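As a plain string of letters, each chain reads:
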Amino acid sequence: MASSRAVPFSLRLAIFCASLGVFILLWEVASIATGNSLILVGPVSVLKAMVGLFQNHIPQGALGLQSADAAILQTLATIVFGFGLACIVGIPVGIVTGRWKAAEAIFDPWLNATYSIPIVVLIPMLYFAVGADFFAEVFVTFLLTVFTIIVNTQNGVKYVSNALAEVGKSFGASESQYIAKIILPASLPDIVSGMRIGMGRAILGAILAEVLMSGTGLGGMMMTFQALLNTPYMMAVVLLIALIGVGVLQLPKFLERRLFRWKETESISREMRR
Amino acid sequence: MSLLKPPLISTKGITKSFPRKGETGNADGKSKVLGGVTFDLQSGSFTSIIGPSGCGKTTLLRIIDGLIRPDSGEVVFNGNPVTAPPPKMGFVFQQFGLLPWRTIQKNVELGLELRGVDSEEREAVAQKYIAVVGLKGFEHHYVHEISAGMQQRVGLARALSIDPDVLLMDEPFASVDEQTREILQKQLLQIVKGTSPPKTTLFVTHNVDEAIYLSDEIVLMGACPAKVKEVVRVDLPPQRWRYDIRSAPEYVMLWRKIWRFLENEIMHSEGFGPAAPGIDVEGNVELNPIPNETQANRG
């Protein structure tokens, strides 16, 4: 029957490993069956390429390529700075536009318009304006991330329950106290969920900027191997990007676990889930 | 004697309309809930406001606390017109209004925290009122970990922690089960009558038993737009929890009077037509007793 207990971590890990094993096996079989490394490379060759990357066994033609460590570091830095900046700017903007109708009326059309523009088209302009330096790439990452954070924060702030607003007012909270002690904690779940989506977009933004601007970092490396038709090395870089994604997405998950112990959702979902 | 003392709170001709949603209704699209509410509240008294549901009782309480402004009329508290929530009023909300991310202790501290009381004093005061409402040992629980009845006791402790002169309570026990409610009523009475001076309390309810059990005075409000129809004194001993007051003849008479008033207001406003035969508007006609033979047949 449906169990009311949480699945223990060890069991979840075992299930994940089993699913990973089956996936890798099917992948290898499919690649052997295809027999064309341009269409599909198997996990074994990708793993070999990965090892080659870290031992600086760079394939022919890829001259002047960064070391894998340097590329990872550069991409990570772009993600962290772009995402960090998006939080620093996006959360206050979200609070202001969520709290005051006038601010929402002023900013919302601009935000929505900018949100709809494919940021990619701005990249050449940016390239010619400031060049392909680190900060330009951080800026692209920031642009792709910030709106998600603004919109989520805004929603959280806007829908703080009227009941809590009344409590604040009745006990004589000033505007700043009300924001700090009621609005912010009440909308924190939405802010963090915005960060979670934003983090995914930050990864995308950083890779995009590297592909289209400097041609360095993991994005640049990926494109170099693609141009050389070296699929195993390219897939190795893709795998690295995926691993970075898994890694950095732990931050919002960690925040959720630490900050929302007061939430009761767990006790409901456990009962309802099998 | 109370005639010589100025009232602690006066409401003078309070009116309030809300925009009506939908096509129907008055031409101006507003529904008037309060149609000129005037009454006085004496210091130290326990007063209930009772009336048909949807007649603006809660709105009135919010206006008295300064949470919303009346369209016309004014509230005077201690000689000053109320324009914002006065520091000496404590509000207990129907849906408790607790902050789910805070522990019980931190919830009770909220009012003091907003007033800039330092953390040591805050803790001590909160502990005191947590003990008063009987929640010692639950300080570090989160809101969802305790029952509805306990949550409302936290709401009461939070209101008491700021040492208010007036407690405003908006159907505080409406979302608590019947059995717990009886116990909470008794506890509330002991708390507000036990402080010196006793807390002036204004209590909104739609429960006749609750109003009589708790109050020194009951304000009867009519259907929309509501006005004060009558203020009824409850002449029962102050320490009611000591007596079986529900079987006292005064209690029964009062119950009938208030219920007939309510029934009449509801019959009129809800379109049931004129009040049922045998009940006059003043509520003076008694219901017929159950005939003897019917009682015998039941046995």
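Model, not experiment: these values are computed from the prediction.

Here the focus is the pairing of strand S4 (residues 72-77) of chain B. Residues and elements named next belong to chain B. Bridge analysis of strand S1 (residues 9-19) against S4 gives five bridges, and the strand direction is antiparallel. Looking at the pairing, threonine 11 lines up with valine 75 of S4. Pairing between S4 and strand S5 (residues 80-81): two bridges, direction antiparallel. Opposite phenylalanine 77, over in S5, you have asparagine 80 as the bridge partner. Adjacent in sequence and paired antiparallel, S4 and S5 are bridged by two residues, among which asparagine 78 carries a positive phi angle near 55 degrees.

Our focus in this paragraph is the domain arrangement of chain A. Interfaces are often described in size by the accessible area the parts lose on coming together. Residue and element names in this part refer to chain A. Domain boundaries assigned for chain A yield domain 1 (7-40) and domain 2 (41-272). Inter-centroid distance (C-alpha atoms) of domain 1 to domain 2 is 28 Å. Opposite the eight residues of domain 1 that make contact, domain 2 presents seven residues. Class assignment of the residues belonging to the side of domain 1 that touches domain 2 gives a composition of five nonpolar, two polar and one charged.

Residues and elements named next belong to chain B. Ordered by their spatial adjacency, four strands build an open sheet running S2-S1-S4-S5, and the pairing between neighbours is antiparallel. Of all the strands in the sheet, just strand S2 (30-41) and S5 have a single pairing partner and so form its edges. Across the sheet, helix H1 (residues 57-64) touches S1, S2 and S4, and the angle it forms with S1 is around 120 degrees.

To continue, consider the pairing of strand S6 (residues 89-92) of chain B. Residue and element names in this part refer to chain B. What you see with S6 is no split at all: Met89 and Phe91 on one side and Gly90 and Val92 on the other are buried throughout. Looking at chain direction, S6 and strand S7 (residues 166-170) are connected through four bridges and run parallel. The partner of glycine 90 across the bridge, within S7, is leucine 167.

Another aspect to go through is the interface of chain A and chain B. On the side of chain B, 17 residues touch chain A, which itself brings 13 residues to the contact. Among the secondary structure elements, those contributing two or more residues to the side of chain A that touches chain B are helix H7 (162-170) and helix H8 (175-214) of chain A. The element contributing the most residues to the side of chain A that touches chain B is H7(A), with six residues. Class assignment for the residues of the side of chain A that touches chain B results in seven nonpolar, three polar and three charged.

A separate point is the packing of H8(A) against helix H9 (residues 217-227) of chain A. Packed helix pairs are specified by the crossing angle of their axes together with the interaxial distance, meaning the distance between the axes. All names here are of chain A. Remark: H8 packs on H9, axes separated minimally by 7 Å, with the N-to-C direction vectors making an angle of 60 degrees. With respect to each other, H8 and H9 are oriented oblique. Like other packed secondary-structure pairs, H8 and H9 cross with a definite hand, here right-handed. For the pair H8 and H9, the contacting residues are Ala206, Ile207, Leu208, Glu210, Val211 and Ser214 in the first and Gly217, Leu218, Gly219, Gly220 and Met223 in the second. Here the residues of the contact of H8 with H9 sort into six nonpolar, four polar and one charged.

What counts as what
Residues numbered from 1 in each chain as written. Chains lettered and ligands numbered in written order. Predicted model: local features only at pLDDT ≥ 70, side-chain atom pairs only at ≥ 80, totals over all residues. Pairing = 2+ DSSP bridges. Helix = DSSP H or I, 4+ residues; strand = E, 2+ residues; numbered from the N terminus. Domains from an automatic or database assignment. Contact = placed C-beta atoms within 7 Å. Nonpolar A, V, L, I, M, F, W, Y, C, P; charged D, E, K, R; others polar. Axes fitted to C-alpha atoms, helices over the stretch in contact; angles between N-to-C directions. Buried ≥ 20, exposed ≤ 12 C-beta atoms within 10 Å, placed from the backbone. Parallel < 35°, antiparallel > 145°, perpendicular 65-115°, else oblique. Left-handed = near helix turned anticlockwise from the far one by under 90°.

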